[in-house]
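Listed below, chain by chain, are the residues.
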Amino acid sequence: MDFTKEIVVPAALSEMLGRIFAFLFDSFQRPAPGARDHHRRRLEQLLGNIGSTVEEAEGRHITNQQLLSHLKSLTVAMYRGRFALEVTDLDDVTNAAGEVAAADDDDATDVAAATAGKRSSFALSSSFKRRAKRSRVTRLILGGVAGDDDDDGTERLATVVEELEHLTRDSMREFIMLVQGYPRKVDRPVRTTLYMDRCVFGRHVEKERIVDFLLHRSPTNRAPFLSILAVVGEKKVGKTTLVKHACDDERVRGHFARIEWFETPDVVRRGGGPHQTIWHSDGPEYLAGVRRILAEHRRLAVGGERSLLVFEDAWPIDEQAWSELAGAPASALPDGSKLLVTCRDADVARLGTAEPVVLDKLRREEYWYYFKAFAFGGEDPRQHPRIAAVAREISEHLERTFLDARVLGTLLRANFDARFWRRVLAAIVRCERRPMHVGVLLELLPVRGRLLSYGYCRSPPKFTVQDVLSAGAGGGGGDTEEGFTVHLCRETLYMDHWYSITFKNDGPTPPPVATT
């Protein structure tokens, strides 16, 4: 009797419930034949319409904030739709290719061990997919994000089609008509991966907001006498890059006679004592430096020439002291002059005279396209399914910063091999150092030295990351045996800088520089 209650009855109930739920699933969740192809064709049609609309809108000088907000929504939806199509295609190609070869099992095992306990929405191999998938019955009971776990991508495509149709159903025609009333831009750059460094990827609307502020004529002869806009965002989110693109706009360059940049060390040195070498972020030196810079520009102004002053990574400033400075007639710059401030502190943003521009990280769909441009270049990921599977996983684990994508994407493209990409993925998952690309390079590079610094420099380093990897030991270039600098990427917009990482050489002499 006990055997019947404890074993037979639970087993029978389990079997009955399983059959019931399977019947319900088959009755309500099975897509109609040909539904996948229908959704795909509809999504391609919607993306064509949205893409042409976004391209037309981005090619015009739009100043209306509501139109810019709708353009942002269209852009996000466009990348989401493209992402859904590409993920579906890559899944098809990966499944047809048989996933990962047996020779790569050791690497996949290493990555699996590294990713244990960490969230991942992309599958690296078939074994990862099997563990990540929920059962059909579980999805029927608990629900979930449509399209995340469907076998052939039908639900994913259907969900995105529904979202895009809802977005474009009512106001698309009116949006196009309003956009066509704005003047066209001149000399628009071609949108290819070759021009990735010259376009402000994913920040078009934010850039237009900054440009509109800079060109807008502020009221004169009344407080506040300083016209200020703050660009707020966390570290490495692209604040300085966005402002540089706005300042490089032909409208802005033609509007201001002088555009000057001030980094935090420059400002505090001007506000500190003659022999002062230590400053604190809560000290009075930063505000004193700003006051001195403003006074210098008032003296230098000739014939009321407009100036644009950009303060990078501004330190916190006492709000009352700043209000007194901005409200004093003596602080006024020539009519039309502007101040731009980049900062991470929301309190600093409140010092502006206009609503701050707040930058968030790129959405994962947008970030995939930015990362893919550097990692694949002109290659089609569908032609390299094993590498593409790893690339999707890498993109998901990165923290969606532009420098991570540029530095690591360039490294991956120079070593276009699935085994090496898995090494990079394992290093990313294990990495606890920030910024992430620095921690990953410290693990991958065969450098027998210690990290001294990383950042922008004004002279080109002699060696690249690829030089160090090819040498296999020692370090990566420099002028002395005590230290060497490795070039990571170059920035040519507005200022010519090289982003690099510097080590103290504790190992053999650096490898020779390759000559051409």
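Residues numbered from 1 in each chain as written. Predicted model: local features only at pLDDT ≥ 70, side-chain atom pairs only at ≥ 80, totals over all residues. Heavy atoms only, no water.

1. Remarks on the overall build of the chain
Turning to step 1, where the next piece is worked out: When you go through the chain residue by residue, the secondary structure sums to 21 helices and 9 strands.
Turning to step 2, where the next piece is worked out: Across the 516 residues of the chain, 47% fall into the buried class.
Turning to step 3, where the next piece is worked out: Partitioning the intrachain contacts of the chain with sequence separation of at least 6 by distance along the chain shows that 77% fall at a separation of at least 24.
Turning to step 4, where the next piece is worked out: When the accessible surface of the chain is split by element, carbon and sulfur atoms take 51% of a total near 26500 Å². (Helix = DSSP H or I, 4+ residues; strand = E, 2+ residues; numbered from the N terminus. Buried < 20%, exposed > 50% of the residue type's maximum accessible area, 1.4 Å probe, protein only. Contact = heavy atoms within 4.5 Å. Areas by Shrake-Rupley, 256 points an atom, 1.4 Å probe, with all protein chains shown as cover.)

2. Some details on the nonpolar core
Turning to step 1, where the next piece is worked out: In terms of nonpolar packing, the biggest core is built from 76 residues, with Phe371, Ile394, Trp421 and Val440 touching the most fellow members.
Turning to step 2, where the next piece is worked out: Ranked by residues supplied to this core, first place goes to helix H3 (residues 65-97) with 12 residues.
Turning to step 3, where the next piece is worked out: Not counting residues within four places of it along the chain, the set of residues in contact with Trp421 comprises Ala375, Phe376, Ile387, Val390, Ala391, Ile394, Leu412, Arg413, Asn415 and Phe416.
Turning to step 4, where the next piece is worked out: Listed in part, the 27 residues of the second largest apolar core include Leu226, Phe311, Leu333 and Ala349. (Core = buried A, V, L, I, M, F, W, Y, C linked by side-chain atoms within 4.5 Å.)

3. Side note on unusual backbone geometry
Turning to step 1, where the next piece is worked out: Between Arg434 and the following residue, Pro435, the backbone shows a cis peptide bond with an omega angle of 0 degrees.
Turning to step 2, where the next piece is worked out: With respect to the helices and strands, Pro435 occurs in the loop between helix H19 (418-430) and helix H20 (436-444).
Turning to step 3, where the next piece is worked out: Positive phi values are uncommon outside glycine, yet Asp313 reaches one of about 45 degrees.
Turning to step 4, where the next piece is worked out: Looking at the element boundaries, Asp313 is found in the loop between strand S3 (307-311) and helix H14 (319-326).
Turning to step 5, where the next piece is worked out: For Arg400, which is not glycine, the phi torsion reads 60 degrees and is therefore positive.
Turning to step 6, where the next piece is worked out: Mapping Arg400 onto the fold places it in the loop between helix H17 (385-397) and helix H18 (402-414).
Turning to step 7, where the next piece is worked out: Classification of Arg400 as partly exposed rests on a relative accessible area of 31%.

4. Description of the side chain of Arg251
Turning to step 1, where the next piece is worked out: Position of Arg251 relative to the elements: it lies in helix H11 (residues 250-255).
Turning to step 2, where the next piece is worked out: Of the residues examined, Arg251 reaches a relative accessible area of 18% and is grouped as buried.
Turning to step 3, where the next piece is worked out: Polar side-chain contacts of Arg251 include one of 2.7 Å to the side chain of His61.
Turning to step 4, where the next piece is worked out: With sequence-adjacent residues up to four places away left out, Arg251 is seen in contact with His61, Glu208, Val211 and Leu215. (Polar contact = N/O pair within 3.5 Å; in protein donor to acceptor, adjacent residues only side chain to side chain.)

5. What about the packing of H18 against H19?
Turning to step 1, where the next piece is worked out: At a minimum axis distance of 9 Å, the contact between H18 and H19 shows a crossing angle of 155 degrees. Classified by the interaxial angle, the pair formed by H18 and H19 is roughly antiparallel. Seen from above, H18 lies across H19 with right-handed handedness. Listed contacts from H19 to Leu408, Leu411, Leu412 and Arg413 of H18 are Phe420, Trp421, Val424 and Ile428. (Axes fitted to C-alpha atoms, helices over the stretch in contact; angles between N-to-C directions. Parallel < 35°, antiparallel > 145°, perpendicular 65-115°, else oblique. Left-handed = near helix turned anticlockwise from the far one by under 90°.)

6. Describing the pairing of S3
Turning to step 1, where the next piece is worked out: Burial analysis of S3 places 5 of its 5 residues in the buried class, the great majority of the element.
Turning to step 2, where the next piece is worked out: Covered by surrounding structure in S3 are Ser307, Leu309 and Phe311 together with Leu308 and Val310, the residues of both alternating faces.
Turning to step 3, where the next piece is worked out: By the bridge criterion, 5 bridges tie strand S2 (residues 258-262) to S3 in an arrangement that is parallel. Residue pairing in the sheet places Phe262 in a bridge with Phe311 of S3. (Pairing = 2+ DSSP bridges.)

7. So, the sheet that holds strand S5 (residues 357-358)
Turning to step 1, where the next piece is worked out: Spatial strand order, S2-S3-S4-S1-S5: 5 strands in an open sheet with parallel pairing. Among the strands making up the open sheet, the edge pair consists of S2 and S5.
Turning to step 2, where the next piece is worked out: Contacts from helix H9 (residues 204-215) reach strand S1 (228-232), S3, strand S4 (338-343) and S5, with the element oriented near 150 degrees to S4.

8. Concerning the packing of aromatic side chains
Turning to step 1, where the next piece is worked out: Enumeration according to the criterion identifies 13 aromatic pairs in this entry.
Turning to step 2, where the next piece is worked out: Members of the aromatic cluster, joined through ring pairs, are Tyr79, Phe201, Tyr369, Tyr370, Phe374 and Phe402.
Turning to step 3, where the next piece is worked out: Of note, Arg82 hangs over the ring of Tyr79, and the distance from its end group to the ring centre comes to 5.9 Å. (Phe/Tyr/Trp six-rings, centres within 6.5 Å; stacked < 30°, edge-to-face > 60°. Lys NZ or Arg CZ within 6 Å of the ring centre and 35° of its normal.)

9. Thoughts on empty space enclosed by the protein
Turning to step 1, where the next piece is worked out: In total, this model carries 4 cavities of 30 Å³ or more according to the counting rule given.
Turning to step 2, where the next piece is worked out: Of the volumes computed, that of the largest cavity is approximately 100 Å³.
Turning to step 3, where the next piece is worked out: As for the largest cavity, its lining consists of 14 residues, and the residues nearest its centre are Ile317, Trp322, Val341, Val348 and Leu351.
Turning to step 4, where the next piece is worked out: Mapped by element, the contributors of at least two residues to the lining of the largest cavity are S1, helix H13 (285-300), S4 and helix H15 (346-349).
Turning to step 5, where the next piece is worked out: Classifying every residue of the lining of the largest cavity by side-chain character gives 13 nonpolar, 1 polar and no charged. (1 Å grid on protein atoms, 1.4 Å probe; cavity = no way out; pocket = protein on both sides within 12 Å on 5 of 7 lines; lining within 4 Å. Points joined across faces, edges and corners; volume = space filled by probe spheres on them. Nonpolar A, V, L, I, M, F, W, Y, C, P; charged D, E, K, R; others polar.)

10. Focus on helix H10 (residues 239-247)
Residues that lie three or four places apart on an α-helix share one face, since the helix turns once every 3.6 residues.
Turning to step 1, where the next piece is worked out: Counted residue by residue, H10 has 8 buried out of 9 residues, so it is predominantly covered.
Turning to step 2, where the next piece is worked out: Buried within H10 we find Lys239, Thr240, Leu242, Val243, Lys244, His245, Ala246 and Cys247.

11. Some points on the environment of Ala57
Turning to step 1, where the next piece is worked out: With respect to the helices and strands, the residue Ala57 is situated in helix H2 (residues 35-58).
Turning to step 2, where the next piece is worked out: Taking the C-alpha atoms as reference points, Ala57 and Gln180, separated by 123 residues in sequence, lie 7.9 Å from one another.
Turning to step 3, where the next piece is worked out: Here Ala57 is in contact with Ile62, Leu71, Phe175, Val179 and His204, once residues within four sequence places are set aside.

12. Some words on the confidence of the model for the chain
Turning to step 1, where the next piece is worked out: This prediction gives the chain a mean pLDDT of 77; 73% of its residues lie at or above 70.
Turning to step 2, where the next piece is worked out: Considering each helix and strand of the chain separately, the mean pLDDT is smallest for helix H6 (residues 136-142), with a value of 32, and largest for H19, with 94.
Turning to step 3, where the next piece is worked out: Note on residues 119-149: pLDDT under 50 across the span, and 58 contacts to partners over four residues away in sequence or across chains.
Turning to step 4, where the next piece is worked out: Low confidence marks residues 512-516, where pLDDT is under 50. Its contacts with residues over four positions away, or in another chain, come to 3 contacts. (pLDDT = per-residue confidence, 0-100.)

13. Comments concerning the pattern of salt bridges
Turning to step 1, where the next piece is worked out: Under the definition given, this model contains 24 salt bridges.
Turning to step 2, where the next piece is worked out: Between Lys372 and Glu86 there is a salt bridge, with its nearest N and O atoms 2.9 Å apart. Residue Lys372 is found in helix H16 (residues 364-376), and its partner Glu86 is found in helix H3; the two are separated by 286 residues along the sequence. Both residues of the pair, Lys372 and Glu86, count as buried.
Turning to step 3, where the next piece is worked out: In this structure, Arg270 and Glu296 form a salt bridge, with 2.6 Å as the shortest nitrogen-oxygen distance. Taken together, the residues Arg270 in helix H12 (residues 264-271) and Glu296 in helix H13 connect sequence positions 26 residues apart.
Turning to step 4, where the next piece is worked out: Several salt bridges converge on common partners, so that one network encompasses Arg40, Glu44, Asp89, Asp380 and Arg382. (Salt bridge = Lys/Arg side-chain N within 4 Å of Asp/Glu carboxyl O.)

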